[in-house]
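Close look at the chain arrangement
Chain residues, written in single-letter form:
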Amino acid sequence: MMKERLKKIMENARTQIDETDSLERLNEIKVGLLGKKGELTEVLKGMKDVAPEERPQVGQIVNETRQAIEEMLENARTDLAKKKRELQMKAEVIDVTLPARKNNVGHRHPNTIALEEVEKIFVGMGYEVVEGPEVEYDYYNFEALNIPANHPAKDEQDTFYINDKILLRTQTSPVQVRQMERGHLPIRMIAPGRVFRADEVDATHSPSFHQIEGMVIDKNITFADLKGTLQEFARELFGEDTKVKFRPHHFPFTEPSAEMDVTCFKCGGKGCRFCKGEGWIEILGCGMVHPKVLKMSGIDPEEYSGFAFGVGLERIALLKYEIDDMRLLYENDARFLKQF
Ligand SMILES: [Zn+2]
């Protein structure tokens, strides 16, 4: 009777285990068979009713049945776990046909594009790009550039003073002075950077804007070198056919000084709305470095000479991209900036 019961339990277990499709169900079956109140446990409890001489044999069958069921359960568990993992892997497969998430990449500001273009031209001519502090000593910003104490540019209404010796630089020229003081000659440099002036904001003015200044100091540098260099610069920036003209001007740190105009790149010099009928567009200031400026920075004007020039970065960006209001460059309206 006992053997019959065990045989039935075994068959029943096999059917149940074979039909199982989840690990949770398998666990229920295990508890139902081998648990405290499980079928096989119940059989063991009935051992006391088995005749003593049959007990060893029945005991052995019980053990064998238990072992066989445990083995079946373990095999089923391994199979189900494997299947579960396979299903998971399938569900997690990356669908390469799905559209990619849009990656919003920004792009360079028109000022930056213009600056990189100017830098490329001068670096191509062997110039070094040099930077300097935006908070500067009055000495470097004015005095060392031959701008005396009573000069109108030093007026507090034009310059942001931190105290009477320190200010926000009004031009990038102090970078040139610092470079000259280092005394590594010859010098071939451009100094781009932000400058500050106490101006009200309008279409052509801003309290903060950018300049690019350049300077060459070497033996036998003449005005012809200045003209040739800046003509080449204008051609590379505005096009092959661009012509330049120099008008006498005055700057305290250069002598002689000039302003350079370029032929309008819209009409080629005939005169149009863009150049206001002039045919020429004013582009930069330049001149031969004043002997006093050289001397103040420890360079012998008898041995060395040089030229310097300064151009407004915004002026170039406005001209190149035909923008008629400087404020547009600072408002950072993405709809406007996207156009460049
Ligand atoms: Zn024109």
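Residues numbered from 1 in each chain as written. Predicted model: local features only at pLDDT ≥ 70, side-chain atom pairs only at ≥ 80, totals over all residues.

**Things to note about the sheet that holds strand β5 (residues 208-218)**
- Taken in spatial order, the 7 strands make up an open sheet running β1-β4-β5-β9-β8-β7-β6, and their pairing is mixed. Bordering the open sheet on either side are β1 (128-129) and β6 (244-251), each of which pairs with just one other strand.
- Here 7 bridges tie β6 to strand β7 (residues 254-263), and the two strands are oriented antiparallel to one another. Across the sheet, the residue bridging to F251 is T254, located in β7.
- Of the strands in this sheet, β4 (187-196), β5 and β9 (305-312) are in contact with helix α7 (residues 173-182), which crosses β4 at around 140 degrees. (Pairing = 2+ DSSP bridges. Helix = DSSP H or I, 4+ residues; strand = E, 2+ residues; numbered from the N terminus. Contact = placed C-beta atoms within 7 Å. Axes fitted to C-alpha atoms, helices over the stretch in contact; angles between N-to-C directions.)

**Let's talk about helix α10 (residues 313-320)**
- Buried residues dominate α10, accounting for 6 of its 8 residues.
- Of the residues making up α10, those classed as buried are L313, E314, I316, A317, L318 and L319.
- The inward-facing, buried residues of α10 abut α5 (110-124), β4, β5, β8 (280-289), β9 and α11 (328-331).
- E322 occupies a position one or two residues after α10 and carries a positive phi of about 50 degrees. (Buried ≥ 20, exposed ≤ 12 C-beta atoms within 10 Å, placed from the backbone.)

**Quick notes on the UniProt feature "binding site: Mg(2+)" (unreviewed entry) in the protein chain**
- Under the feature "binding site: Mg(2+)" (unreviewed entry), the UniProt entry names E255.
- With sequence-adjacent residues up to four places away left out, E255 is seen in contact with G287, M288 and H290. (UniProt positions renumbered as here; feature names shortened; annotations may be inferred.)

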